[in-house]
Amino acid sequence: MEVLKSPNDKKLYRYMVLENGLRVLLISDPEMQITEASGAAAPEANGMELDGDGARGHEAKGKAAAAAARGQRCDGPPGGVGGTIPAGGGPSAGGKRRRESGPAASDGEESSGDLQEGEEDDEDEDEDGEGESGSEEGEGEDEEMGDGSGSGEGEEEEGEEGEEEEEEGSEGGGGRRKKGGGSSQAPVKKAAAAMAVGVGSFSDPEDLQGLSHYLEHMLFMGSAKYPAENDYDDFLTRNGGSANAFTDLELTNYHFEVAPAQLAGALDRFAQFFIAPRCAEGSMEREVLAVDSEFSQVLQDDHCRLSQIMCHTSRPGHIYRKFSWGNRASLWERPRQAGIDVRQRLLEYYQQHYGADRSCLVVLGGQPLEELGAMVAGSFGAMPGGKGPAPSFAGLEPPFQGRTLTVLPAVRDHHELRLTFALPPLARLYGTKADSYISHLMGHEGPGSLLSALKARGWATEILAGVDDDGYASNSCCSLFGVDVTLTEKGLAAGPGGCGLAVAGLVFAYVSMLRREGPQEWVWQEMRSVADQRWRFLEEGDPMDAVSRLAGAMHHTAPAHTLVADYLHESWQPDLVARLLERMAPAAAAAPGAADSTATGAGSGEPAAAAGWSPCFRIDLMTKRYDEVKASVMSMAAAEGAEVRSESEPWFGLDVLVMQLPDSLCRGWAEQPPLPELRMPPRNPYLPEDFSLRCEDPDAPEAGPAPALPPGVTSLLATPPHMLLDRPGLRLWHKLDRTFRTPRAAVHWRLYSPAGHTDPRVAATGHLCLRLLEEALREDAYLADVAGLHYHTSPEGLAGLEFRVDGFNDKLGALLGRLTGQLAGLGAEGTAGPGGAAWLAEHFEAVREALLRKYRNMNMEVGKHASYSRLYVLCSRAMHCDHILEAMETLTPQDVRPYITTLLSRCHVEAYVAGNLTAGGAVRLAEDLAAALGPGCCMPADERTRDQCVVLPAAKELAERAAAAAAAAAAKVADAGTVVRLRAKNAKEENAALEVYYQLGPATDPRDRAVLDLIDQILYEPCYDTLRTKQQLGYSVYSGTRLTAGVSSFCIQVVSARHPPEHLDACVEAFLAAQGPRLRAMTPAELATQAAAVVSAKMQRDRSLVEEAGRQWEHISSQRYDFLSRELEVAALASVTVDDVYDTFARYLMPPSAAAAGDGASDGAAGSQRRKLAVHVRPHGPMGAAKKAAAAAGAAEAETEVKESADEPTAMAVDGGAAAADGAAAATEAPEAAELMEEPAGLLALRSGLDLHPLWLGTPPAPLMAA
């Protein structure tokens, strides 16, 4: 069966159905096959791999694409519990969360640039101060502490400031990350597979809510064929893979990736999930604790709270009223009290719903299609079928009725208004893109848009509109079209009741305008043109994300459209658009009539269930001023005679107010006169027209001779860029793309000025100026974003201000020119229009208010609080977000222009131009950029300064300081290291967090870096299995390496609702103590297996031009210019021995007391070089979740206590668990073991007393062009 694919896609596809009814999509990647078959794989010239064509996948969506195909923003329960769902995802069930790169697979680092406000969604942000373009804060990456980001193109939703890119250690993580696979030293790819089972939380029994999610967890815990609980995870980790899963409302999605050579073994283990899972008694209660911990981590998540409130207040008896997360109470305590055998019911549910004929499988590998097909048939042929059609809820009424306003309290300092419209189910109408048409217009940010009108009134800062990709918003029952508006204080107060209803009125005014204008085919055709361009030049995406997405899509797309459905604009149906807009009317007069007849056409017919639907909507307001707004709404309800009631949601413990909207108000919205400022968007001037490839130009220079490779390096990830210019004020790097062969380019540049980061007030002004710049560019830049051309801004602390423009290169120069010109003229008296002095006076306060709110919301989650504080202590010149916030409170419009003038009076730009631009074109762009900044762009490159990492006290030093105490006390101090004890920022937070950081030294030696990455690889699975699976310390457990301002280190983070940080710290120490003997006993063959995974992670090929450019930019922006760092580390791994690994571990990571015991010495600290920093973040109250769990366990668990005590210590003792439990007992009993540190003064005092590591900077090559 033919599957339509992009012209740029070299992979082969086959759609097949097994005899048991399992639908399968096979994907054979010839490039993966070549790499796997030959080892060195790619063609080489003079010993170096030549750039060649690559397969293509999904392109990252910008803000415009998000408006047209709106993804889920929250880790919300109903729309995807338990994993990384395609649109943004919930917290990973089973803790199987992973990150985008393996050991040292990213070349970035953490430093002061990561410590200020970020640009992602407040609840679902990537934990990275750099926004979308920022590097992942993973192993081998330098950490930066700076101003965070302001993503001009909005590719990531606005989010919490200064937080590192999301990793396993963050709340909503769970401790899984991606690791490399295979053993080839040539650039490699991953094999992957996903199974989407056609049942989810909608089918949960009423007396076991959350059962689908619980079952998803349990399937990871061993099978009849592979009975060990961690066999699947251990196999994947040893072979460079990872796994994840999520439970949606009608689907449960399981997926993994692995080294291509190990696909057969991984598939066979994966198949057993669906043939004979164990679901052992001994695992049941421990894993329900994981579900409970997962839920506890979202109790203070605003968007999760809102999602559950929307469920709780839906129509009585409706399937939406389920509690999809599940917790200990719903899955263990209450069922057992009712006499329910939970395991038996779970197995019955599995037998009833999990079947081959209800499931879709996608397998991606390097083998030929025939071989992949045989592999699948052999592993999955025994999967039971005959279950019949998957459950459908197409006949149900919509979940909401009438027109209501619900007000709920926000945890964070923000106000968000959400309008939700219940529409017929639209997932199968993907060929029409009818809802995407409305999303495109409602979420538009250009001239005449709803957002522009809201901003002109000072009412809002952001809008998102559309049907989310999750099962909560799109299912067989209905489609929920949401309009989310981030309100200002003025917007909250606007309208009756002081609850943002004037904003809702403006939304309805825009809907009325769309209905008056009627569906416009030119808008749809413009959308189609953009989609066609993206499809034509599709770039390759993450393999595990790709198979997961495709497996889910197979449930509602025609086989031929499996790949193209998201891009397919098959038929323009204006009648369907008009009917959907009618259902978004504020008054009931717009009831559907004859126009509801079912449409026809492939993938285009409106389902019969649409007939008889009447408009209904709900407004939800989430506000920090809950009590004030509640009183105001109640007064309004009394005056209008409207029904109002209080509701209590039991699972989150939320009290909310629900009011029926008065008919008079809704009629007023329906009858309001047209507003001239609301109009259809202009035609897009940024649509690209030139798609020619510069590498194919007749006069294009040939690829230069291959550089001599260092000893041991046999192939390159990619050819390094060349330096074209190096003169005072400007350093330019360039690489013409010959690999991806796409008409795209990426321009990165960093502006450094000695006046740019001198004190918190300057830092605050700089960040605010970037936000003002984005606002000034918004209407114009949004049109560019729609056309596939994006920009990004990011304050990077002491390192300067960073910018990026990427996308189709045809109009890239125009957007770059607008960006630099607007920056140079910001606040100038002579500048007319956006960005000028008059404009600044009008827009300053709204932009400042939004940024202030983000700084106030920083570090609300304990895991991120711990990471932030650790990084602040380490970065010697970082400025704390609290100090920046304090300074920003006093800023005025008069501060802007002096800052810009001083910044540009003496500055330097380092830029990198990559992609479909020649060297001459790159020079012209860079020259224009420098000229736009003015004559002050003349500072020599070597005058730039960088942050430095502090030197932590060594265990020996700490022990000497405690010499006056008993020897045991001295040993305890040496083990504890430097401890920072903090209080959680959110008074209602129930979780504690621990982040322990073990510092090695400057990462100048590739061999030392390679050894540390190998230790990371070896410890990763045991760390997760011990601390999370066996000991159940918390749902979120993470371990990995760090590169902080050029200094190597190793980190472990645990977030727990059950134990205080002292207990967590003791458990981590016990775990590390137990690893010494394990490492010492490791055989060379075992080491080689682990090393192969590290090699493949480091040699994982870049999937797109933007990814390659971003990776190479990290080498440039760090000023180390070490473009071959990964290749050198791979070469170094060949000579690493077991003794090398053990010696490094014993010297830097092993607790000194354990080293002393192992060596028979009396003082392990004397020989230890360990430098440990432990950050403890405690909740305000006692660890209530742990007390509640212990009390509830009581008599109900007495009958299993003997069995558990027999089983558990044995397993835990192997990995140090028993020792941890004993060692932490005192800390658990003493909740205030030591005085809490004042923040940020205490952190600053600690940092100020520490020495500094030397800077590690590289020497750039000579430029190719004269100055």
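As recorded by an unreviewed UniProt entry, the protein chain carries the name Peptidase M16 N-terminal domain-containing protein and is attributed to Gonium pectorale. What UniProt records for the protein chain under Cofactor (unreviewed entry) is the sentence "Zn(2+)".

Undergrad: What's the story with the overall build of the protein chain in this structure? I'm lost.
TA: Within the protein chain, the regular secondary structure consists of 41 helices and 28 strands. Here the protein chain holds 1267 residues, and the buried ones make up 67% of them. At a minimum sequence separation of 6, the contacts of the protein chain that also span at least 24 residues come to 85%. Just so you have it, the protein chain exposes about 38,800 Å², and 53% of that area is on carbon and sulfur atoms.

Undergrad: Got a minute to help me understand the pairing of strand β11 (residues 403-409) in this structure?
TA: Along any regular strand the residues' side chains alternate between the sheet's two faces. Taken across its seven residues, β11 has seven buried, putting it largely inside the fold. Where burial is concerned, the two faces of β11 agree: the one with Arg-403, Leu-405, Val-407 and Pro-409 and the one with Thr-404, Thr-406 and Leu-408 are both buried. With seven bridges connecting them, β11 and strand β15 (residues 617-623) associate as parallel partners. Among the inter-strand pairings, Val-407 is bridged to a residue of β15, identified as Leu-621. Pairing between β11 and strand β17 (residues 654-660): four bridges, direction antiparallel.

Undergrad: Sorry if this is basic, but what is going on with the packing of aromatic side chains here?
TA: Centre-to-centre distance and the angle between the planes together describe a pair of aromatic rings. Scanning the model with the defined rule gives 35 aromatic pairs in all. Here the aromatic rings of Phe-270 and Phe-274 are separated by 5.3 Å at their centres, their planes lie at 90 degrees, and the arrangement is edge-to-face. The residues Phe-270 and Phe-274 share a single accessibility class, namely buried. Three or more aromatic residues link up through ring pairs in this structure, and these residues are Phe-220, Tyr-232, Tyr-254, Phe-256, Phe-270, Phe-273, Phe-274, Tyr-350, Tyr-354 and Phe-380. Cation over ring: Arg-269 sits above Phe-235, and NZ or CZ is 4.0 Å from the ring centre.

Undergrad: When you look at the packing of helix α29 (residues 1006-1030) against helix α33 (residues 1125-1133) in this model, what are you seeing that I'm missing?
TA: Between α29 and α33, the least distance of the axes is 8 Å, while the angle of their chain directions is 75 degrees. With respect to α33, the axis of α29 lies roughly perpendicular. From α29, Pro-1006, Arg-1007, Arg-1009, Ala-1010, Asp-1013 and Leu-1014 reach across to α33, where they touch Ser-1125, Leu-1128, Glu-1129, Ala-1132 and Leu-1133. Within the contact of α29 with α33, the residues separate by chemical class into six nonpolar, one polar and four charged.

Undergrad: Where do I start with the packing of helix α21 (residues 812-824) against helix α26 (residues 919-933) in this structure?
TA: A pair of packed helices is characterised by two quantities: the angle between their axes and the separation of those axes. Where α21 contacts α26, the axes come no closer than 8 Å and their chain directions differ by 20 degrees. Of the possible angle classes, the one that applies to α21 and α26 is roughly parallel. For the pair α21 and α26, the sense of crossing is right-handed. Packed against α21, whose contacting residues are Leu-812, Gly-813, Leu-816, Thr-820, Leu-823 and Ala-824, the element α26 presents Leu-925, Leu-929, Ala-932 and Leu-933 at the interface. Residue composition of the contact of α21 with α26, by class: eight nonpolar, two polar and no charged.

Undergrad: What should I look at first to understand unusual backbone geometry in this one?
TA: Apart from glycine, the bulk of residues carry a negative phi angle, and the bulk of peptide bonds sit in the trans form. Cis rather than trans, the peptide bond between Glu-1239 and Pro-1240 has omega equal to 5 degrees. Tracing the backbone shows Pro-1240 in the loop between α40 (1225-1229) and α41 (1241-1248). Positive phi, normally seen in glycine, also occurs at Gln-1119, with a value near 65 degrees. Locating Gln-1119 in the fold gives a position in the loop between α32 (1105-1117) and α33. Gln-1119 gets classed as buried once you look at its relative accessible area, which sits at 9%.

Undergrad: Which parts of the structure should I look at to understand the environment of Arg-14?
TA: With respect to the secondary-structure elements, Arg-14 resides in strand β1 (residues 12-17). In this structure Arg-14 comes out as partly exposed when scored by relative accessible area, which is 30%. When neighbours within four sequence positions are excluded, Arg-14 is seen to be in contact with Val-24, Leu-25, Leu-26, Leu-369 and Glu-370.

Undergrad: What am I meant to see in the sheet that holds β11 here?
TA: Strand pairs in the sheet, formed through backbone hydrogen bonds, run parallel or antiparallel to each other. The sheet built from seven strands is open, its strands ordered β13-β14-β12-β15-β11-β17-β16 with mixed pairing. Only two strands of the sheet have a single neighbouring strand rather than two, namely β13 (460-467) and β16 (644-649). Neighbour-to-neighbour, the strand axes of this sheet turn through a mean angle of 20 degrees, independent of strand direction. Those strands touched by helix α18 (residues 626-640) are β11, β15, β16 and β17, and its axis lies near 25 degrees from that of β17.

Undergrad: Got a minute to help me understand the sheet that holds strand β9 (residues 252-258) in this structure?
TA: Judged by pairing direction, the sheet is mixed, and its six strands sit side by side in the order β1-β2-β10-β7-β9-β8 without closing on themselves. Single-partner strands in this sheet number two, and they are β1 and β8 (242-247). Strand-to-strand, the axes of this sheet are offset by a mean angle of 10 degrees, without reference to chain direction. Here six bridges tie β1 to strand β2 (residues 23-28), and the two strands are oriented antiparallel to one another. By the bridge assignment, Val-17 is partnered in β2 with Arg-23. Contacts between helix α5 (residues 263-271) and the sheet are confined to β7 (191-197), β9 and β10 (359-365), with β9 contributing the most and set at about 155 degrees to the helix. Packing against the sheet, helix α10 (residues 369-380) makes contact with β1, β2, β7 and β10, and its axis sits at approximately 140 degrees to β2.

Undergrad: Before we go on, may I ask you to explain the environment of Ala-955 in this structure?
TA: Its location among the elements puts Ala-955 in helix α27 (residues 955-961). The exposure class assigned to Ala-955 is buried, which follows from its relative accessible area of 2%. In sequence terms Ala-955 and Ala-974 are 19 residues apart; their C-alpha atoms lie 4.6 Å from each other.

Undergrad: Please explain helix α11 (residues 434-442) as it appears in this structure.
TA: Given 3.6 residues per helical turn, the α-helix brings residues three or four places apart onto the same face. The buried fraction of α11 amounts to nine of the nine residues, a majority that puts the element mostly inside the structure. Residues of α11 that are buried include every one of Ala-434, Asp-435, Ser-436, Tyr-437, Ile-438, Ser-439, His-440, Leu-441 and Met-442, and no others.

So, how was this worked out
- Each residue is numbered by its place in its chain's sequence as written, counting from 1.
- Selection of residues for local features in this predicted model requires a pLDDT of at least 70, selection of side-chain atom pairs for listing and counting requires 80 or more, and totals for whole chains, interfaces and linings are taken over all residues.
- Based on all heavy atoms of the structure, the side-chain values leave hydrogens and waters out of the count.
- UniProt positions are given in the numbering used here, feature names are shortened, and annotations may be inferred rather than shown by experiment.
- In this description a helix means any DSSP run of H or I spanning at least four residues, a strand means any run of E spanning at least two, and both kinds are numbered starting from the N terminus.
- Burial classes follow relative accessibility: with a 1.4 Å probe on protein chains only, a residue under 20% of its type's maximum area counts as buried, one over 50% as exposed, and anything between as partly exposed.
- Any pair of residues with heavy atoms lying within 4.5 Å of one another is described as a contacting pair.
- Here, Shrake-Rupley sampling with a 1.4 Å probe gives the accessible areas, and only protein chains in the shown set may cover a residue.
- Strand pairing follows a simple DSSP-based rule, namely that at least 2 bridges must link the two strands.
- The aromatic pairing rule takes the rings of Phe, Tyr and Trp, using the six-membered ring of Trp, and pairs them if the centres are within 6.5 Å, calling planes under 30 degrees apart stacked, those over 60 edge-to-face and the rest tilted.
- A ring has a charge above it when a Lys NZ or an Arg CZ is no more than 6 Å from the ring centre and no more than 35 degrees off the ring normal.
- Axes here refer to lines fitted to C-alpha atoms; in helices the fit is confined to the stretch in contact. Angles between the N-to-C directions go from 0 to 180 degrees.
- Here is the rule for angles: anything less than 35 degrees is roughly parallel, anything more than 145 is roughly antiparallel, 65 through 115 is roughly perpendicular, and the remaining ranges are oblique.
- Ten residue types, Ala, Val, Leu, Ile, Met, Phe, Trp, Tyr, Cys and Pro, are classed as nonpolar, four, Asp, Glu, Lys and Arg, as charged, and the remainder, Gly among them, as polar.
- Two helices cross in a left-handed way if the nearer one is turned anticlockwise from the farther one by less than a right angle. They cross in a right-handed way if the turn is clockwise.

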